[in-house]
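What the coordinates show
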Amino acid sequence: MSPERLLEGLTQPQREAVMHRDGPLLVLAGPGSGKTRVITHRAAYLACTATGPEHILTITFTNKAAGEMAERMAGLGLGRGVTCCTFHAFCARLLRIYHEQAGLGANFSIYDDGDQVGAMREALARLDLSSENFTPGAVLGAISRAKNEMCTPAEFRAQRQGWQDRKIADIFDTYQKVLTEQNAVDFDDLLVKAAMLLGEHPELRERLEDRYRYVLVDEYQDTNRAQYLIARGLCLERGNLCVTGDPDQSIYAWRGADIGNILAFEEDFPAARVVRLEENYRSTPQILGAAGALITHNRRRKVKALLTTKGDGRAVWVVECEDERAEAAYIASQIVQHAEQGGSYRDVAVFYRVNALTRSLEGALLDARVPYQIARGVAFYQRKEIKDVLAYLRLAANPQDLAAFKRIINVPARGLGKVTVERVLARVYETGRPVLQVLADPDSIPGTKKAGAALRSFAGLMCGIRRAAEGPSVKDAVEYVTRHSGLIATWDGDSGNDALENVNELINAAAEYDRQHVEGGSVTGWLEQVSLVSDVDAIEEGAGAVTLMTLHAAKGLEFDVVYVAGVEHGLLPHERGNKELADVEEERRLLFVGMTRARRELTLSCARWRAVKGRFERRTTSLFLTELPREGVERTTLSAEGTGADGGPREVVMPPEAVEYASWRKGQLVRHAEYGLGRVQWIQPRTGGLYAGVTFSDCGQKTLALKHAPLELVDTDELD
DNA sequence: TCTGCCGTCTCATGT
DNA sequence: AGACGGCAGA
């Protein structure tokens, strides 16, 4: 495509960003301002005016975003030359190529949370520290925070003073040694080690800068220190770094993201050009007005206009429901209505702060026969059977991967119990040899006479898998594992059917990988891709289903109709068990992100009662709801009486049980088959349905389930 | 050594 | 409410 055509239909600021050639560029892009368009067009424009596509690197937040970006660039006639990926994928690739400089083996494993806990337990054991005083999770959290700031164990020790922190420094150090022994990295290491690679090897850094002459980083407001160093490191001389983002959409501080990166870009890169994209092409004025009013309550931000380009739309609805079941039923019924009026399910999304909210929503959508998909890409790879199959391949690819070894040495059961495993591990730690090597020679392990045959047979199995894994097809390797590992036999029952189906799904995924990597594919490459899947990656656009996801996952997406459920104090802003409130400004940004995903209709809902960890709790509405403007926002309460409290203009859909007991209210007279006449004191939803507190003249107050108790209403005029 | 049951703990958010 | 770890019994 010619450069002129690439500029067609772009606004002035968009053009400015696309045409800016050399030197740092900050694109402050409000929601719906055509940011993706700018990035893709800029890449294409550079590719035909400044350099070849192979010299352009685009870094996105999720694999899905990277894929779409690549797709759109291909549509602009760019072909597949531009590198589009996430920071993590880019770093993994870098570390594979320069593994020696990074102090890693070529086939290093990427450890997930569970694997990390295993490595941490080993580290704690080596230091003779009880895992009671130092729980693996807490220590891993502290280490992760340190890594996010690019802090090494030595620096960590130098910076802290307390006894506990010094211990954590020791653990940090030992934990890294354990990972290295197992030829493994954790998620944070991908970034940290890549950043260090750039920092410590100038010649390598130069080579990379020459390869990637123009770097574009999307969602820059959510980069952490390591990511910042990587981005800067790639552009040290040329300074051709273009970052796009919106400080108002920074929602990952808890993961180490530093909003300061984007706020200080101009000081960081004094030559930086700044382009503001403030026109919104996505949402109605009502949606934008509400979101804009909300976000002005934040102090730490760059003030930016939100200018509408769309015509008038519907008001933003705020709906207060009785409990979470009523809330879910309400959302489901509204979606049904939307579909009945000719709308498509794929245009609808429901967002929430915590995954626990999917339970009630799923139930209601199921009841209403609304097709839905949940953005939980990682969940699939966390299933036991999937992890088991993958562990075989991991161990085959990386014979030092002890996490994988421990997982499958006795799955299926081969008579290799705890004691034998301990002996094998002791031998591994003693000799420093890869576990697969140790296994192949069981005679060298003291006290394993009885288990020798089983160990040898397992080693033989792993040899076969290694051979299969070296073949050209990943799919064949996965099938080899399922055929020869003996896992299939363990999936016999009714739940085993699910397992079998899931593993077939995994085989399909491997086949798809084979198709996409006719050249250069490998089991290691596939395992890496699988380790770096994100939740939204699971979303299929053409599925014709409503999308359910967390507010965090919603970043970067847009839908015609959006529901945000559970806008309550304690949930949004979120509050932990100890009543500690999460950073309110970030929580506000989170709701801002959710609201600005909506193109035409936006509904925020909350419940007066909600089951939290099995117990019913009284809830209050979110402070954020009070920050919305009057204009363009319509509030309704779905009361148990079945009408909107303020005579709401909308059809109110009640959950079935609430309708049934709609005439029950405080003060109502009832007759119980056993206790006689009584008066209702309160009605509450609890697990298993509605409950009432009733005071009986004969035997005092009782708590009764309306569904089961032999109660009947008594009309007042029935009594003389 | 394996299986099943029960008690405890945890629900943020995710690459 | 659900997951996971520990423990007891086969």
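All values derive from a computational prediction rather than experimental measurement.

Criteria and thresholds
- Residues numbered from 1 in each chain as written.
- Chains lettered and ligands numbered in written order.
- Predicted model: local features only at pLDDT ≥ 70, side-chain atom pairs only at ≥ 80, totals over all residues.
- Heavy atoms only, no water.
- Near = heavy atom within 4 Å.
- Polar contact = N/O pair within 3.5 Å; in protein donor to acceptor, adjacent residues only side chain to side chain.
- Nonpolar A, V, L, I, M, F, W, Y, C, P; charged D, E, K, R; others polar.
- Pairing = 2+ DSSP bridges.
- Helix = DSSP H or I, 4+ residues; strand = E, 2+ residues; numbered from the N terminus.
- Axes fitted to C-alpha atoms, helices over the stretch in contact; angles between N-to-C directions.
- Contact = heavy atoms within 4.5 Å.
- Parallel < 35°, antiparallel > 145°, perpendicular 65-115°, else oblique.
- Left-handed = near helix turned anticlockwise from the far one by under 90°.
- Buried < 20%, exposed > 50% of the residue type's maximum accessible area, 1.4 Å probe, protein only.
- Salt bridge = Lys/Arg side-chain N within 4 Å of Asp/Glu carboxyl O.
- Core = buried A, V, L, I, M, F, W, Y, C linked by side-chain atoms within 4.5 Å.
- Phe/Tyr/Trp six-rings, centres within 6.5 Å; stacked < 30°, edge-to-face > 60°.

**Quick look at the protein's contact with DNA strand B**
If you check the shell around DNA strand B, you find 25 residues, and the closest are His-88, Arg-353, Asn-355, Arg-359 and Thr-550. The sugar-phosphate backbone supplies 56% of the atoms of DNA strand B found within 4 Å of the protein. Here a sugar or linking oxygen of DNA strand B and a side-chain polar atom of Arg-255 are 3.4 Å apart. Interatomic distance of 2.2 Å between a side-chain N/O atom of Arg-353 and a base oxygen of DNA strand B. When its residues are assigned to classes, the surface near DNA strand B shows 8 nonpolar, 10 polar and 7 charged.

**Here we look at the sheet that holds strand S8 (residues 273-277)**
Overall, parallel pairing links the 6 strands, which are arranged S3-S2-S6-S7-S1-S8 in an open sheet. A strand with exactly one partner marks an edge of an open sheet, and here the two such strands are strand S3 (83-86) and S8. Averaged over all pairs of adjacent strands, the angle between strand axes in this sheet comes to 15 degrees, irrespective of strand direction. Contacts from helix H5 (residues 87-97) reach strand S2 (56-60), S3 and strand S6 (214-217) within the one sheet, and its direction differs from that of S3 by about 105 degrees.

**Re the packing of helix H19 (residues 384-397) against helix H27 (residues 523-531)**
Following both chains from N to C, one finds H19 and H27 inclined at 130 degrees, their axes separated by 10 Å at the closest point. By the angle between their directions, the pair H19 and H27 is classed as oblique. For the pair H19 and H27, the sense of crossing is left-handed. On the side of H19, the interface is formed by Leu-390, Leu-393, Arg-394 and Ala-397, while H27 contributes Val-523, Thr-524, Trp-526, Leu-527 and Val-530. Partitioning the contact of H19 with H27 into residue classes produces 7 nonpolar, 1 polar and 1 charged.

**Describing helix H24 (residues 474-484)**
Turning to H24, its buried residues are Val-474, Ala-477, Val-478, Glu-479, Val-481 and Thr-482. Just downstream of H24 lies Gly-486, where phi reads positive at about 85 degrees.

**Overview of the pattern of salt bridges**
Within the structure shown, the criterion is met by 49 salt bridges. Between Lys-35 and Asp-218 there is a salt bridge, and its shortest N-O distance comes to 3.2 Å. On the criterion of sequence distance, the pair formed by Lys-35 in helix H3 (residues 35-49) and Asp-218 in the loop between S6 and helix H12 (225-233) is long-range, its members being 183 residues apart. Both residues of the pair, Lys-35 and Asp-218, count as buried. Residue Lys-177 pairs with Asp-173 through a salt bridge whose shortest N-O separation is 3.2 Å. Of the two residues, Lys-177 and Asp-173 are both situated in helix H9 (residues 163-181); the distance of 4 residues between them amounts to about one turn of the helix. Within the structure, one salt-bridge network assembled from shared partners comprises Arg-282, Arg-314, Glu-558, Asp-560, Arg-599, Arg-600 and Glu-601.

**A few points about the nonpolar core**
In this structure, Phe-405, Phe-458 and Trp-526 are the most contacted members of the largest nonpolar core, which totals 52 residues. Broken down by element, this core gets its largest block of residues, 9 residues, from H19. With residues near it in sequence (within four places) discarded, Phe-405 still touches Leu-395, Val-421, Val-424, Leu-425, Val-435, Leu-439 and Phe-458. Grouped together as the second largest cluster of nonpolar side chains are 48 residues, Ala-92, Leu-94, Leu-104 and Ala-195 included.

**Some points on the side chain of Asp-246**
As for its placement among the helices and strands, Asp-246 is situated in the loop between strand S7 (241-245) and helix H13 (260-263). At 2.9 Å, the side chain of Asp-246 and the backbone nitrogen of Asp-248 are in polar contact.

**Some points on the packing of aromatic side chains**
In the structure shown here, the tally under the stated rule is 10 aromatic pairs. Considering the side-chain rings of Phe-61 and Tyr-252, the 4.9 Å spacing of their centres and the 45 degrees angle between planes classify their relative orientation as tilted. Note that Phe-61 is positioned in the loop between S2 and helix H4 (63-75) and Tyr-252 in the loop between S7 and H13, a separation of 191 residues in sequence. Under the relative-accessibility criterion, Phe-61 is labelled partly exposed at 23%. With relative accessibility at 8%, the residue Tyr-252 sits in the buried group. Ring geometry for Phe-90 versus Tyr-212: centroids 5.6 Å apart, planes at 70 degrees, classification edge-to-face. Taken as a pair, Phe-90 in helix H5 and Tyr-212 in the loop between helix H11 (202-211) and S6 lie far apart in primary sequence, 122 residues in all. The exposure classification of Phe-90 matches that of Tyr-212, with both residues buried. Connected via pairs of aromatic rings, a cluster forms that spans Phe-61, Tyr-252 and Trp-254.

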